[in-house]
Amino acid sequence: MRIGVPKESYPGEHRVALVPLAIPALSKAGFEVLLEQGAGAEAGYPDALYAEKGTKILPDRAAVFAEADLIVQVLCYGSNDLTGKADLPLMRRGQGLIGFLRPLGSLEVIEEIAQTGVSSFSVELMPRTTRAQSMDALSSMGTLCGYKAVLLAAVTLPKIFPMLTTAAGTITPAKVLVIGAGVAGLQAIATARRLGAVVSAYDMRPAAKEQVKSLGGRFVELPITAQNAEDARGYGTAQDEGFYARQRELLGRAVAENDIVITTAVVPGKKAPVLITSEMIANMAPGSVIVDLAAERGGNCEATRPGEIVVEHDVKIIGHINLASEVPYHASQMYARNLTAFVLHLVKDGRLRTNDDEIIRETLLTDQGEIVNRRVREFFGLPELVAARETR
Ligand code: NAD
């Protein structure tokens, strides 16, 4: 079976789906890897390193799609809403496709992908089980986003992070508040602590408290309780507007007391809740920084503009999207590891499996011209597939 790696086409995307380090494990399992010329260059992996591992370098994207049985990408059409559509005519029935597909994004786009006939697998739908942990790309990328968010904040803040006692006096440490202590939030806590900041964090899931504390952060307790804060997969759940209003009221003081606020609060398939209003920003000290990791999903901060830096009341609000792409070398390495584990699981005896296993069932998005994923069909209010087929 041949695995094709096209160059990422989303503007500013520097990652690549497979790195040279991942090739030997795939070759050993009988795969041949085809790479679009220059696909790894921006991540720090020149063609020569792939060629050394036996990768065939192809001159253009169309050749990779034409020759490969399985295409692996970082941002496929779906998550790449700017240039991804150009890949549709290159896909064919029976071909495999793996990558970020934003399965709870646009139904129209997923239908377009389905119509090509590809068997597409969405890495966002990976179950959160021990078995699937090595394939969990959302966690890998979340970790890097949390790290990078702190570095961005550190270079933007007109203060340093650590406490210093010098002949020129004592400098007090910077204060960092992290809202949303999932994978990205926890890495942000750890990174800010390493740089010497005093860190506190809040999450509506009670389970987060111990994790925050184990990283040396102080947990911010709010006198409100979320209803069923966590779903069966461990994700935070959507709450009503009354709950969010109360959160904003209670978070005001903690936000005002900190130099940096990093927000990561998201709910799968929903717009991110607004937890920081402009009024709250006005109470922060001038020069403070907010990094809104939920920017792509609408933002946790009222002032956030996705992809931009906004200044309001002398506070900088950073709404960068796609932060993992800013550390492309390691982001690609981690993603390639996740993909390799996934591909080795998916393919048996040279054939792509599309059934009989939890990981496959949950990640398979489209197959043979249809959206086949039960969770996605439910989300968009489509009839169950069996029922839909019977009525035709
Ligand atoms: P996420 O990216 O979906 O969300 C980030 C955080 O925001 C979550 O912790 C969520 O509870 C929080 N949040 C949402 N709405 C909020 C609100 N209104 N107020 C405050 N906080 C809010 O989360 P994630 O990074 O996917 O992590 C969720 C959990 O799943 C974590 O405990 C993580 O350790 C766990 N996890 C488990 C596995 C596994 O078992 N294989 C893999 C990955 C993550």
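In this report, we go over the structure that sits alongside the text. (Residues numbered from 1 in each chain as written. Predicted model: local features only at pLDDT ≥ 70, side-chain atom pairs only at ≥ 80, totals over all residues. Heavy atoms only, no water.)

Here we take up the pairing of strand 2 (residues 32-36). In terms of burial, strand 2 is largely enclosed, as four of its five residues are buried. Bridging between strand 1 (residues 2-5) and strand 2 involves four bridges; their strand directions are parallel. Bridge pairing links Gly4 to Leu34 in strand 2. Chirality of the crossover, the property in question, places the unit of strand 1, helix 1 (residues 23-28) and strand 2 among those that are right-handed. Note that strand 2 and strand 3 (residues 56-58) share three bridges and pair parallel. (Buried < 20%, exposed > 50% of the residue type's maximum accessible area, 1.4 Å probe, protein only. Helix = DSSP H or I, 4+ residues; strand = E, 2+ residues; numbered from the N terminus. Pairing = 2+ DSSP bridges. Right-handed = clockwise from strand over helix to strand, strands pointing away.)

Here the idea is simple: oppositely charged side chains can pair when their charged atoms come close. Tallied over the entire structure, the rule returns 20 salt bridges. Between Arg253 and Glu257 there is a salt bridge, and its shortest N-O distance comes to 3.4 Å. On the criterion of helical spacing, the pair formed by Arg253 and Glu257 is a turn pair, its members being four residues apart in helix 8 (residues 241-257). Overlapping salt bridges bring together Glu36, Arg61 and Asp87 as one network. (Salt bridge = Lys/Arg side-chain N within 4 Å of Asp/Glu carboxyl O.)

This brings us to the site of the ligand. If you check the shell around the ligand, you find 24 residues, and the closest are Arg128, Val183, Asp203, Arg205 and Gln247. At a separation of 2.6 Å, an oxygen atom of the ligand approaches a polar side-chain atom of Arg128. In the environment of the ligand, a nitrogen atom lies 3.5 Å from a nitrogen or oxygen atom belonging to the backbone of Met204. The fraction of the free accessible surface of the ligand (830 Å²) that becomes covered by protein chains is 85%. Across the shell around the ligand, the residue classes break down as ten nonpolar, ten polar and four charged. (Near = heavy atom within 4 Å. Polar contact = N/O pair within 3.5 Å; in protein donor to acceptor, adjacent residues only side chain to side chain. Areas by Shrake-Rupley, 256 points an atom, 1.4 Å probe, with all protein chains shown as cover. Nonpolar A, V, L, I, M, F, W, Y, C, P; charged D, E, K, R; others polar.)

Burial along strand 6 (residues 119-122) is two-sided: Ser119 and Phe121 and Ser120 and Ser122, pointing in opposite directions, are all buried. Note that strand 5 (residues 96-100) and strand 6 share four bridges and pair parallel. Bridged to Ile98 within strand 6 is Phe121. For the segment spanning strand 5, helix 4 (residues 107-115) and strand 6, crossover handedness is right-handed. Of the strand pairs in this sheet, strand 6 and strand 18 (residues 364-367) are connected by two bridges, and their pairing is antiparallel. Each bridged residue has a counterpart across the sheet, and for Ser120 the counterpart in strand 18 is Thr366.

Glancing now at helix 6 (residues 183-194). The first and last C-alpha atoms of helix 6 sit 17 Å apart over twelve residues, in line with the 16 Å expected at 1.5 Å per residue. Burial analysis of helix 6 places nine of its twelve residues in the buried class, which makes it a mostly covered element. Packed against the buried residues of helix 6 are helix 5 (137-156), strand 9 (175-179), strand 10 (198-202), helix 7 (208-214) and strand 12 (260-263). Directly beyond the C-terminal end of helix 6, a positive phi value near 100° is found at Gly196. (Expected span 1.5 Å × (residues − 1). Contact = heavy atoms within 4.5 Å.)

For the rest of this paragraph, the subject is the side chain of Arg61. When you line up the elements, Arg61 lands in helix 3 (residues 61-67). Residue Arg61 is classed as buried on the basis of its relative accessible area of 17%. Of the polar contacts made by the side chain of Arg61, one reaches the side chain of Asp87; its length is 2.8 Å. If we skip the residues at most four places from it in the chain, Arg61 touches Pro6, Lys7, Ser9, Glu36, Gln73, Asp87 and Leu90.

Taken together, eight strands build an open sheet; the order of strands is 3-2-1-4-5-6-18-19 and the sheet is mixed. Each end of this open sheet is capped by a strand with a single partner; those strands are strand 3 and strand 19 (370-371). In the packing of helix 10 (residues 328-346) onto the sheet, contacts are made with strand 1, strand 4 (70-75), strand 5 and strand 6, and the angle to strand 5 comes to roughly 145°. (Axes fitted to C-alpha atoms, helices over the stretch in contact; angles between N-to-C directions.)

What follows concerns the environment of Ala336. Among the structural elements, Ala336 can be located in helix 10. Discounting chain neighbours no more than four positions away, the residues touching Ala336 are Ala17, Leu18, Val19 and Ala22.

Here we come to the nonpolar core. Formed by 72 residues in total, the largest nonpolar core has its most connected members in Leu18 and Ile98. Looking at this core, the element that brings in the most residues is helix 5, giving eight residues. In this structure, Ile98 is in contact with Leu70, Ile71, Val72, Gln73, Cys76, Phe121, Val123, Tyr335, Leu339, Phe342, Val343 and Leu346, ignoring residues within four places of it in sequence. Formed by 27 residues, the second largest nonpolar core is a distinct cluster that contains Phe243, Ala254, Ile290 and Cys301. (Core = buried A, V, L, I, M, F, W, Y, C linked by side-chain atoms within 4.5 Å.)

Here the focus is helix 10. Taking 1.5 Å per residue as the helical rise, helix 10 with its 19 residues ought to reach 27 Å, and the 26 Å between its terminal C-alpha atoms agrees with that figure. Among all positions in helix 10, only Pro328, Ala331, Ser332, Tyr335, Ala336, Asn338, Leu339, Thr340, Phe342, Val343, His345 and Leu346 are buried.

We now examine the environment of Arg337. Tracing the chain through its elements places Arg337 in helix 10. On the basis of relative accessible area, Arg337 is assigned to the exposed category, the value being 63%. Along the primary structure Arg337 and Leu104 are separated by 233 residues, whereas in three dimensions their C-alpha atoms are 24 Å apart.

The next subject is the packing of helix 5 against helix 6. Working note: a packed helix pair is described by the angle between its axes plus the distance between those axes. Running from N to C, helix 5 and helix 6 cross one another at 40°; their axes reach a closest spacing of 7 Å. Our classification of the angle between helix 5 and helix 6 gives oblique. For helix 5 against helix 6, the interelement crossing comes out right-handed. Here helix 5 contributes Ser139, Gly142, Thr143, Gly146, Tyr147, Val150 and Leu151 to the contact with helix 6, which in turn contributes Val183, Ala184, Gln187, Ala188, Thr191 and Ala192. Considered class by class, the residues forming the contact of helix 5 with helix 6 number seven nonpolar, six polar and no charged. (Parallel < 35°, antiparallel > 145°, perpendicular 65-115°, else oblique. Left-handed = near helix turned anticlockwise from the far one by under 90°.)

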